[in-house]
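Spelled out, the chains give:
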Amino acid sequence: FSCVSRRETAPVPAQATRPSRESVLLALAMPSVGVLFEVEVAETVPGDFICLMGGRREMGDWKVQPGPAQRLGTNAFMYPRWTMLRPIWLEYEAGDEGRELTVQYKYAVAQGVDAENLRWEGADGNRAVTLRAESDAMYLVMDAQFGGIS
C-alpha cells in the first residue's frame, strides 16, 4: 500500500538540486532485520506471561516493558511453547549490511498485567544470537527451554 500525492509544482532551476523522494525515505529509515523469539518449554501458571529483555534499545535496554513488543504468547494448543506474535525490528547502520549482528537477551516469567513480579532465567549469563545484517530479513530464534542458558 502506498499513497502518492500529485501536485503541480514549478520547475526547479538547473543549478538547484533537491534530493529524490527515495533518498529522503532511505535517510529517514534505518535498515533493519526482524526477529521473532520462541521458547519451546516454559512452565508457567495462569496469569503469567513470558517477556524478553535485551541489550538493545529495540529490546528495552534490559528494562522490563511488558507491552506487546517484548511479550511472548501461548494458548491451550501451544502450551508450554511461548512465541512472539510480532517481530522486533533491530536497526543497524547502512554500512553494516552483510556483517554479523550479535544480540544479547534473556527471558523472564512475569506475573500480573504490569509485570509486578519477575522470575528471571538463570544468572549464568545472557543468551546471545548472531544474525546477518540483511535489510528486511526475518529471523526466528528458537530456544529449547526457559532457564536453559548455555
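A. Molecular detail of the overall build of the protein. Check the secondary structure of the protein and you find 1 helix and 9 strands. For the protein, the sequential pattern of α-helices and β-strands runs α-β-β-β-β-β-β-β-β-β. Sorting the 150 residues of the protein into buried and exposed places 33% on the buried side. Contacts spanning at least 24 positions in sequence make up 72% of the contacts within the protein whose residues lie at least 6 apart. As presented, the protein carries roughly 9,900 Å² of accessible surface, and 53% of it is formed by carbon and sulfur atoms.

B. Quick peek at the environment of Ala 108. Considering the arrangement of structural elements, one finds Ala 108 in strand β6 (residues 100–111). In this structure, the C-alpha to C-alpha distance between Ala 108 and Leu 52, residues 56 residues apart in sequence, is 6.5 Å. The residues touching Ala 108, leaving out its near neighbours within four places in the chain, are Phe 49, Ile 50, Cys 51, Met 53, Leu 118, Arg 119, Trp 120 and Phe 146.

C. Highlighting the pattern of salt bridges. On inspection of all chains with the given rule, the structure shows 8 salt bridges. Put simply, Glu 38 and Arg 81 hold a salt bridge, and the shortest N to O gap is 3.7 Å. Taken as a pair, Glu 38 in strand β1 (residues 32–41) and Arg 81 in the loop between β3 (71–73) and β4 (82–84) lie far apart in primary sequence, 43 residues in all. Of the residues examined, Glu 38 reaches a relative accessible area of 9% and is grouped as buried.

D. Inspection of unusual backbone geometry at higher detail. The residue after Tyr 79, namely Pro 80, is reached through a cis peptide bond having omega 15°. The topology assignment puts Pro 80 in the loop between β3 and β4. Unlike most non-glycine residues, Asp 61 shows phi in positive territory, near 50°. Counting through the fold element by element, Asp 61 comes out in the loop between β2 (48–54) and β3. Residue Asp 61 is classed as partly exposed on the basis of its relative accessible area of 37%. Positive phi values are uncommon outside glycine, yet Asp 136 reaches one of about 65°. Look at Asp 136 and you get exposed, because its relative accessible area is 59%.

Cut-offs and rules
Residues numbered from 1 in each chain as written. Predicted model: local features only at pLDDT ≥ 70, side-chain atom pairs only at ≥ 80, totals over all residues. Heavy atoms only, no water. Helix = DSSP H or I, 4+ residues; strand = E, 2+ residues; numbered from the N terminus. Buried < 20%, exposed > 50% of the residue type's maximum accessible area, 1.4 Å probe, protein only. Contact = heavy atoms within 4.5 Å. Areas by Shrake-Rupley, 256 points an atom, 1.4 Å probe, with all protein chains shown as cover. Salt bridge = Lys/Arg side-chain N within 4 Å of Asp/Glu carboxyl O.

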